[in-house]
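Below are the chains, spelled out letter by letter.
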Amino acid sequence: MTERALVARVREHVHGFLRDLHGQGLRVPVSKQRVFLQAIEAAGPRDATELYWIGASTLTVSRADLEVYSPTFERWFGAARARPVPERESPDEEEPAPRGKGDEAPFAAAAGGESGLEAGYSERRGRPAFGTASQDERAVLALLRRELRGAVPTVRSRRRRPARRGPWIDVARICRESRRSHGEIVTLRRRGRPRRQRRVLLLIDVSGSMKQHSAAYLRFAHAMVGCLDRVEVFTFGTRLTRVTGPLRARDVDAAVAALSEVVLDAEGGTRIGPSLQEFLGNARHVTMARGALVIVLSDGLERGDPLPMEAAVRRLSLLGHRLLWWTPLACDPAYRPVTRGMAAVLGSVDALAGVRDLRTAYEQVQTLARE
């Protein structure tokens, strides 16, 4: 077999492996498949073990992905001695030696920047602890609940309701009342479309760079869920998580503490673009965003390719009524959105504001009421 034929056969084998991953439910974007192939070329794996870890670093983002990736890899390349390292059972066990910068250099070169491990594709082990609300925070939360109802924009309901004035005559109600007056119409009843609050969609960044602010953001979300009718809340770090249900608990500390069982990627890496694209890839989630007031609470520090983030934010802006981006960095008067991610999405954002805690969130809610 000639060298050219051998290369073509290897290429066909690798592409068959990627197609099988897709068939097994691990839908890897084309951009990440390209990084995987470039990493193979850059690193030149010497055995199945190295090839396994190249694929694990570039094609997977969570433990669930690895559960699909590992058996598929074995079917195509054999049983490599590269199973994911099990978590330590106790803190007394010896820490494995950290990988050197040079170990990840091929992946960084292939991706055109930082590697998948450094670009925020890792998840924090253990459950996050968001703490309890202080007395000062509880006082601000009470103010927020009082202010939110009048601050959220409204929209005309599609359903017609009985009204004192309205463009439609309520024939059914008139007929019912005329029975009591022997067929005489005493009062002309009308129906109208009353105004109701718009849906609110909160997208909260819980990655490591937002560690100091995530708890305050989640308490703000709890206040919204508790006093507004139609609110949906999602968190994102390395994955997208819907947290509306746990936030319906009456006590704010109980609600936020329950998120420790749900939000498994808190204080981990950052994948803003892929997380927002995952949201938009779900038809039910898209319905939640349509016509809604969309608020993204994030520093916008996307460490991967900013193009998915730009495309996702642009579509969110088109779907929603307004798209607000609240970041703790904008609390600094000298802040300028010059990072790749924020510079790319700035044109799709209706308003960029600084929010780092509940007090600054309350200030922004007051500005909503004045608009």
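Cut-offs applied
- Residues numbered from 1 in each chain as written.
- Predicted model: local features only at pLDDT ≥ 70, side-chain atom pairs only at ≥ 80, totals over all residues.
- Heavy atoms only, no water.
- Pairing = 2+ DSSP bridges.
- Helix = DSSP H or I, 4+ residues; strand = E, 2+ residues; numbered from the N terminus.
- pLDDT = per-residue confidence, 0-100.
- Contact = heavy atoms within 4.5 Å.
- Axes fitted to C-alpha atoms, helices over the stretch in contact; angles between N-to-C directions.
- Salt bridge = Lys/Arg side-chain N within 4 Å of Asp/Glu carboxyl O.
- Buried < 20%, exposed > 50% of the residue type's maximum accessible area, 1.4 Å probe, protein only.
- Arc of directions from axis to C-beta.
- Right-handed = clockwise from strand over helix to strand, strands pointing away.
- Core = buried A, V, L, I, M, F, W, Y, C linked by side-chain atoms within 4.5 Å.
- Expected span 1.5 Å × (residues − 1).
- Polar contact = N/O pair within 3.5 Å; in protein donor to acceptor, adjacent residues only side chain to side chain.
- Parallel < 35°, antiparallel > 145°, perpendicular 65-115°, else oblique.
- Left-handed = near helix turned anticlockwise from the far one by under 90°.
- Nonpolar A, V, L, I, M, F, W, Y, C, P; charged D, E, K, R; others polar.
- Phe/Tyr/Trp six-rings, centres within 6.5 Å; stacked < 30°, edge-to-face > 60°.

### Re the sheet that holds strand 2 (residues 161–163)
Thought 1: The strand order 2-4-3 describes an open sheet built from three strands, whose pairing is antiparallel. Single-partner strands in this sheet number two, and they are strand 2 and strand 3 (168–169).
Thought 2: Looking at chain direction, strand 2 and strand 4 (residues 190–192) are connected through three bridges and run antiparallel. Opposite R161, over in strand 4, you have G192 as the bridge partner.

### Here we look at the confidence of the model for the protein chain
Thought 1: On average, residues of the protein chain score 81 in pLDDT, and 84% of them reach the 70 mark or higher.
Thought 2: Note on residues 82–122: pLDDT is under 50 here. Beyond four places in sequence and across chains, it has 59 contacts.

### Brief notes about the sheet that holds strand 6 (residues 200–205)
The strands that make up a sheet pair up through hydrogen bonds in the backbone, lying either parallel or antiparallel.
Thought 1: With mixed pairing, six strands are arranged side by side in an open sheet as 8-7-6-9-10-11. Every other strand in the sheet has two partners, leaving strand 8 (240–242) and strand 11 (351–354) as the edge strands with one partner each. Along the sheet, successive strands turn relative to each other by an average axial angle of 20 degrees, direction set aside.
Thought 2: Bridging between strand 6 and strand 9 (residues 293–297) involves five bridges; their strand directions are parallel. The residue of strand 9 that forms the bridge with L201 is V294.
Thought 3: Lying on the sheet, helix 10 (residues 272–280) is in contact with strand 6, strand 7 (231–236), strand 8 and strand 10 (322–327); it crosses strand 6 at an angle near 150 degrees.
Thought 4: Where helix 12 (residues 306–319) meets the sheet, it contacts strand 6 and strand 10, and its direction lies at approximately 130 degrees from that of strand 10.

### Side note on the pattern of salt bridges
Thought 1: A complete count under the given rule lists 11 salt bridges for this structure.
Thought 2: With a closest N to O distance of 3.0 Å, E177 and R189 form a salt bridge. A residue pair is termed long-range when its members are at least 10 positions apart, and E177 in helix 7 (residues 171–178) and R189 in the loop between helix 7 and strand 4 qualify at 12 residues.
Thought 3: Owing to a relative accessible area of 25%, R189 belongs among the partly exposed residues under this scheme.

### Details of helix 10
Quick reminder: α-helices carry 3.6 residues per turn. Residues three or four places apart thus point the same way.
Thought 1: Buried within helix 10 are the following residues: I272, G273, S275, L276, F279 and L280. Relative to the axis of helix 10, the buried residues are bounded by an arc of 165 degrees and lie together on one face.
Thought 2: Buried residues belonging to helix 10 abut strand 6, strand 7, strand 8, helix 11 (283–289), helix 12 and strand 10.

### Considering the pairing of strand 10
Thought 1: Most of strand 10 sits out of view: five of its six residues are buried.
Thought 2: As defined by bridge partners, strand 9 adjoins strand 10 across five bridges and the pair is classed as parallel. Bridge assignment links V296 to a residue of strand 10, and that residue is W325.
Thought 3: Regarding topology, helix 12 serves as the crossover connection from strand 9 to the parallel strand 10, and that connection is right-handed.
Thought 4: Of the pairings in the sheet, the one linking strand 10 to strand 11 comprises four bridges and is parallel in character.

### Considerations on the nonpolar core
Thought 1: Counting residues in each nonpolar core, the largest one holds 46 residues, and the members touching the most others are L202, F220, M224, V233 and W326.
Thought 2: Setting aside its immediate chain neighbours within four residues, W326 contacts Y217, F220, I295, V296, L297, S298, A353, V355, Q364 and V365.
Thought 3: The next biggest cluster of nonpolar side chains, apart from the first, holds 26 residues, and it includes L276, V294, M309 and V349.

### Looking at helix 3 (residues 48–59)
Thought 1: Its 12 residues give helix 3 an end-to-end C-alpha distance of 16 Å, which sits within 8% of 16 Å, the value for a rise of 1.5 Å per residue.
Thought 2: Judged by how many residues are buried, helix 3 sits mostly within the fold: nine of 12 residues are covered.
Thought 3: Taken together, the buried positions of helix 3 are T49, L51, Y52, I54, G55, A56, S57, T58 and L59.

### Notes on the side chain of T60
Thought 1: Tracing the backbone through its elements, the reader meets T60 in the loop between helix 3 and helix 4 (63–77).
Thought 2: There is a polar contact of 2.5 Å between the side chain of T60 and the backbone oxygen of A56.
Thought 3: Apart from the residues lying within four places of it in its own chain, the contact partners of T60 are L26, K32, G55, D65, L66 and Y69.

### Topic: the packing of helix 10 against helix 12
Thought 1: Where helix 10 contacts helix 12, the axes come no closer than 7 Å and their chain directions differ by 40 degrees. On the basis of the axis angle, helix 10 is oblique to helix 12. Of the two possible hands of crossing, helix 10 and helix 12 adopt the one that is left-handed. Contacts from I272, G273, L276, Q277, F279 and L280 in helix 10 reach P308, M309, A312, V313, R315, L316 and L319 in helix 12.
Thought 2: By residue class, the composition of the contact of helix 10 with helix 12 is 10 nonpolar, two polar and one charged.

### Examining the packing of aromatic side chains
For any pair of aromatic rings, the description rests on two quantities: the centre-to-centre distance and the angle between the ring planes.
Thought 1: Summed over all chains, the structure comprises 11 aromatic pairs.
Thought 2: Between the aromatic rings of F73 and F77, the centroid separation amounts to 4.9 Å while the plane-to-plane angle is 35 degrees, which identifies the pairing as tilted. With F73 and F77 both in helix 4 and four residues apart, the pair spans about one turn of that helix.
Thought 3: An angle of 50 degrees between the planes, with centres 5.8 Å apart, marks the rings of F220 and W326 as tilted. Of this pair, F220 sits in helix 8 (residues 211–227) while W326 sits in strand 10, placing them 106 residues apart in sequence. Here F220 and W326 have matching classes, each one buried.
Thought 4: In textbook terms, an aromatic cluster arises when at least three aromatic residues are bridged by ring pairs, as seen for F17, F36, Y52, W53, Y69, F73 and F77.

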